[in-house]
Amino acid sequence: MDRIYVTYKFTGEDPKSIADVIRAEQTIEFPYELAPSWIQEEVVGKVEEISSSDKTSHLITISYNPDVTGGELNQFLNVLWGNVSLFPNVKIVGLKLPDSFLAKFSGPRFGISGLRKLLGAETRPLVSTALKPMGSDAQTLAEMARTLALAGFDLIKDDHSLANQPWATWKERVTLISRAVKEANAVTGGKSVYAPSLNLPFDQIVDAAHTAKDLGAGALLILPGITGFDSLRKIASDDSIALPIQGHPAMLGSLITSKAEGISHGIVLGTLMRLAGADITIFPNIGGRFAFSSDHCLDITERSREKLGKLNPMFVAPAGGMNLGRIPEMIKMYGNDSALLIGGALSRGNLADNAARMCELVRAY
């Protein structure tokens, strides 16, 4: 039987006992000895391996019957990290998914090759930015977007914090920015796309995705840590929307930053983003405002591109306090299958000049 394999890092003593607790807690949440024998055998997770580097550091691999997920993303996340997320000193560091499970998901609609075709960028990294700051009115943001599109940016997204604030309400902002980018493309012959943030109440998200497309947006920004990974899956798999999606890490930090608890950077921002359907995963690069290491960033990158059933690989978008001087280093680290994202630094000085310079630098590589 194909099974889901999860490897937990446990810091403490008696790994066999914690393994037995986890395998039941993540499935039946019921005393193992009281369960019927067929449930013990087919439903409860199986301890596959325990390896210990010392008395208090252990790797525990438990496999699960894919049927316990019901073939649905929300329940898969529940099996992966539901009640065990409440345990101290347990962190998920490994995940292997069988093709039979992966076949239930569409994954990235465009992926790397599809986005390259859509944006007319055959081999180079993508040029990306975020519209800032919150408090700017919709017309100001639209003129910023126009300037960026005229310079040749591929992706112009809302900052993730732009929602439905009174200074630039969602529909007015999406209307004006979409129009500005379209007009700039008509001048340049370019293919710049604008991605509004779907940082909205849950009951508005799907309708907003359709509205954004109708208004001329060419992509979408989704915050699965806030609106749920399944909202990302729903929109990514909807043929009537069919827009590229950037996944943002807001509120996911507490899942990944602890050394002792949580889930590894690569699984959350690589595997889960991709499984849900993001075409681009945004994450903090090394040396910016956040404390990601090169190992963290490369873990995300590897899981974004590795074979994962038939799911398309996705672009990585290292970000978080980057500037033009970092571009050569970023391309060297992540390769051409990256969307280089510089936001606020472009406004230090003349936006048009800085935008043009960024496009020149990326295209030179």
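Before any of the text, the structure's been laid out above.
My aim in this report is to walk through the structure given alongside it, one point at a time. (Residues numbered from 1 in each chain as written. Predicted model: local features only at pLDDT ≥ 70, side-chain atom pairs only at ≥ 80, totals over all residues. Heavy atoms only, no water.)

With that settled, consider the sheet that holds strand S2 (residues 46-54). Within the open sheet, the 5 strands sit side by side as S2-S3-S1-S4-S10. Their pairing is mixed. Only two strands of the sheet have a single partner each, and these edge strands are S2 and strand S10 (262-263). With 8 bridges connecting them, strand S1 (residues 4-11) and strand S3 (residues 57-64) associate as antiparallel partners. Looking across to S3, one finds that Phe-10 is bridged to His-58. On the sheet, helix H1 (residues 15-25) packs against S1, S2, S3 and strand S4 (90-96) and is oriented at approximately 30 degrees with respect to S3. Packed on one face of the sheet, helix H3 (residues 73-81) meets S1, S3, S4 and S10 and runs near 130 degrees to S4. (Pairing = 2+ DSSP bridges. Helix = DSSP H or I, 4+ residues; strand = E, 2+ residues; numbered from the N terminus. Contact = heavy atoms within 4.5 Å. Axes fitted to C-alpha atoms, helices over the stretch in contact; angles between N-to-C directions.)

This part covers the layout of surface pockets. In this structure, the largest pocket encloses a volume near 480 Å³. Around the largest pocket sit 27 residues that line it, and His-248, Pro-284, Arg-289, Phe-290 and Gly-320 are the ones nearest its centre. Of all the secondary-structure elements, those providing two or more residues to the lining of the largest pocket are helix H11 (253-256) and strand S11 (280-284). It is S11 that provides the largest number of residues to the lining of the largest pocket, a total of 3 residues. Residue classes in the lining of the largest pocket are distributed as 15 nonpolar, 8 polar and 4 charged. (1 Å grid on protein atoms, 1.4 Å probe; cavity = no way out; pocket = protein on both sides within 12 Å on 5 of 7 lines; lining within 4 Å. Points joined across faces, edges and corners; volume = space filled by probe spheres on them. Nonpolar A, V, L, I, M, F, W, Y, C, P; charged D, E, K, R; others polar.)

A few words on the environment of Arg-3. Tracing the chain through its elements places Arg-3 in the segment before S1. The sequence separation of Arg-3 and Phe-105 amounts to 102 residues, and the corresponding C-alpha distance is 16 Å. Contacts of Arg-3, omitting those with residues within four sequence positions, involve Val-44, Gly-45, Lys-46, Glu-48, Ser-63, Tyr-64, Asn-65, Pro-66, Lys-96 and Pro-98. Here the side chain of Arg-3 touches Ser-63 through a polar contact of 2.6 Å, side chain to side chain. (Polar contact = N/O pair within 3.5 Å; in protein donor to acceptor, adjacent residues only side chain to side chain.)

Another point: the pairing of S1. Across 6 bridges, S1 lies against S4 in antiparallel orientation. Within the sheet, the bridge partner assigned to Phe-10 lies in S4 and is Val-90.

Here we come to the nonpolar core. Within the largest apolar cluster, 97 residues are counted, with the highest numbers of intra-cluster contacts made by Phe-76 and Met-358. Setting aside residues no more than four positions away along its own chain, Phe-76 makes contact with Ile-4, Thr-69, Leu-95, Leu-97, Phe-101, Leu-272 and Leu-275. Ile-112, Ala-121, Ala-195 and Ala-317 belong to the second largest nonpolar core, which has 21 residues in total. (Core = buried A, V, L, I, M, F, W, Y, C linked by side-chain atoms within 4.5 Å. Buried < 20%, exposed > 50% of the residue type's maximum accessible area, 1.4 Å probe, protein only.)

Once that is clear, we can look at the packing of aromatic side chains. Summed over all chains, the structure comprises 3 aromatic pairs. Between Phe-76 and Phe-101, the ring centres sit 5.0 Å apart and the planes meet at 45 degrees, which makes this aromatic pair tilted. Residue Phe-76 is found in helix H3, and its partner Phe-101 is found in helix H4 (residues 99-102); the two are separated by 25 residues along the sequence. You'll find Phe-76 and Phe-101 in the same group, each marked buried. Taken together through their ring pairs, the aromatic side chains of Phe-76, Phe-101 and Phe-105 make up a single cluster. (Phe/Tyr/Trp six-rings, centres within 6.5 Å; stacked < 30°, edge-to-face > 60°.)

Scanning the entire structure with this criterion turns up 15 salt bridges. Arg-116 serves as the salt-bridge partner of Asp-337, at 2.8 Å between the closest nitrogen and oxygen. On the criterion of sequence distance, the pair formed by Asp-337 in the loop between helix H14 (327-334) and strand S13 (339-341) and Arg-116 in helix H5 (residues 111-119) is long-range, its members being 221 residues apart. Using a relative accessible area of 26% as the deciding quantity, one classes Asp-337 as partly exposed. For Arg-116, a relative accessible area of 9% corresponds to the buried category. A salt bridge links Arg-233 to Asp-230, with the shortest nitrogen-to-oxygen separation between them at 2.6 Å. Taken together, the residues Arg-233 and Asp-230, both in helix H10 (residues 229-236) and 3 residues apart, mark about one turn of the helix. Residue class for Arg-233 comes out partly exposed when judged on its relative accessible area of 27%. (Salt bridge = Lys/Arg side-chain N within 4 Å of Asp/Glu carboxyl O.)

What follows concerns unusual backbone geometry. Pro-133 follows Lys-132 through a cis peptide bond whose omega is -5 degrees. With respect to the helices, strands and loops of the structure, Pro-133 is situated in the loop between strand S5 (126-131) and helix H6 (138-151). Residues other than glycine seldom take positive phi values, yet Glu-29 does so here, at roughly 45 degrees. Here Glu-29 lies in the loop between H1 and helix H2 (37-42). Residue classification places Glu-29 among the exposed residues on the basis of a relative accessible area of 54%. A positive phi angle is found at Ala-242, which is not glycine, with a value near 50 degrees.

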